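Residues per chain, in single letters:
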Amino acid sequence: MVDTLRAARASIAPLSLVATVDERTVGHVMLSACRLDALPRLVDVVSLSPLGVLPEFQGRGIGTRLVAQALAEADNRGIPFVFLEGSPHYYGKRGFSDAAKRGFRPPSLRYPPGTFQVATLSSYEAWMSGTFVYSDVFWALDCVGLRGERLEAART
Ligand SMILES: CC(C)(COP(=O)(O)OP(=O)(O)OC[C@H]1O[C@@H](n2cnc3c(N)ncnc32)[C@H](O)[C@@H]1OP(=O)(O)O)[C@@H](O)C(=O)NCCC(=O)NCCS
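What counts as what
- Residues numbered from 1 in each chain as written.
- Predicted model: local features only at pLDDT ≥ 70, side-chain atom pairs only at ≥ 80, totals over all residues.
- Heavy atoms only, no water.
- Salt bridge = Lys/Arg side-chain N within 4 Å of Asp/Glu carboxyl O.
- Helix = DSSP H or I, 4+ residues; strand = E, 2+ residues; numbered from the N terminus.
- Buried < 20%, exposed > 50% of the residue type's maximum accessible area, 1.4 Å probe, protein only.
- Near = heavy atom within 4 Å.
- Polar contact = N/O pair within 3.5 Å; in protein donor to acceptor, adjacent residues only side chain to side chain.
- Areas by Shrake-Rupley, 256 points an atom, 1.4 Å probe, with all protein chains shown as cover.
- Nonpolar A, V, L, I, M, F, W, Y, C, P; charged D, E, K, R; others polar.

Here's the deal with the pattern of salt bridges
Here's step 1: Applying the stated criterion to the full structure yields four salt bridges.
Here's step 2: Two residues, Glu56 and Arg24, come together in a salt bridge whose shortest N-O distance is 3.0 Å. In this pair, Glu56 sits in the loop between strand 3 (42–53) and helix 2 (62–76) while Arg24 sits in strand 2 (residues 24–38), placing the two residues 32 residues apart along the sequence.
Here's step 3: Residue Arg24 is classed as partly exposed on the basis of its relative accessible area of 42%.
Here's step 4: With a closest N to O distance of 3.8 Å, Arg35 and Asp44 form a salt bridge.
Here's step 5: In this structure Asp44 comes out as partly exposed when scored by relative accessible area, which is 34%.

Given below as structure tokens:
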């Protein structure tokens, strides 16, 4: 997924951040271009995905720091929103909130409740609301939402 996102043409260049311990890469997060289909026009936004920390380094705050740095980098680039699909328990404490409750429409009906999330950054303007649209890579790799038993399990 990361390789495909890096190779794709995009309105915003993908950004990878890594966490290192003793020069070993132990964590990674990626921001990549997506769009918000707002009424006046399309808005360039980014998706935070994937995020991963090696199992033996989890639970030490590395993921938290990667998410915080990713939000800071997006803000520095004048990007108004970072969207993702993920655990509200995890991301809710790290700058994200329920995007559906904020009035945004998800790109799929296959998101478990509460997992469509957004972080609002400083270049946000009040008119920027609408449908979040993933880049083609997420669709090509079928990485939007869940299907089948995983979706059913997440809904119950
Ligand atoms: C999710 C993940 C990135 C967190 O990284 P981390 O460095 O362990 O996270 P931190 O140490 O900063 O934070 C620990 C918190 O993460 C929570 N956590 C760890 N794994 C989690 C998971 N899979 N789902 C939800 N919460 C998780 C811990 O319970 C703890 O919760 P707290 O905020 O209540 O204390 C890491 O566990 C991971 O790589 N998991 C596998 C890949 C994955 O699920 N990525 C996210 C896809 S959306």
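Here's the deal with the site of the ligand
Here's step 1: Near the ligand there are 17 residues, and of these Val53, Gly59, Gly61, Thr64 and Lys93 occur at the shortest range.
Here's step 2: Within the contact set of the ligand, an oxygen atom lies 2.8 Å away from a backbone nitrogen or oxygen of Val53.
Here's step 3: Within the side chain of Gln58, a nitrogen or oxygen atom sits 3.3 Å from an oxygen atom of the ligand.
Here's step 4: Relative to its unbound accessible area of 860 Å², the ligand is 59% covered by the protein chains.
Here's step 5: Where the shell around the ligand is concerned, the elements lending two or more residues are strand 3, helix 2 and helix 3 (88–91).
Here's step 6: Its residues assigned to classes, the shell around the ligand shows five nonpolar, eight polar and four charged.

Keep in mind these numbers describe shape, not what the thing actually does.
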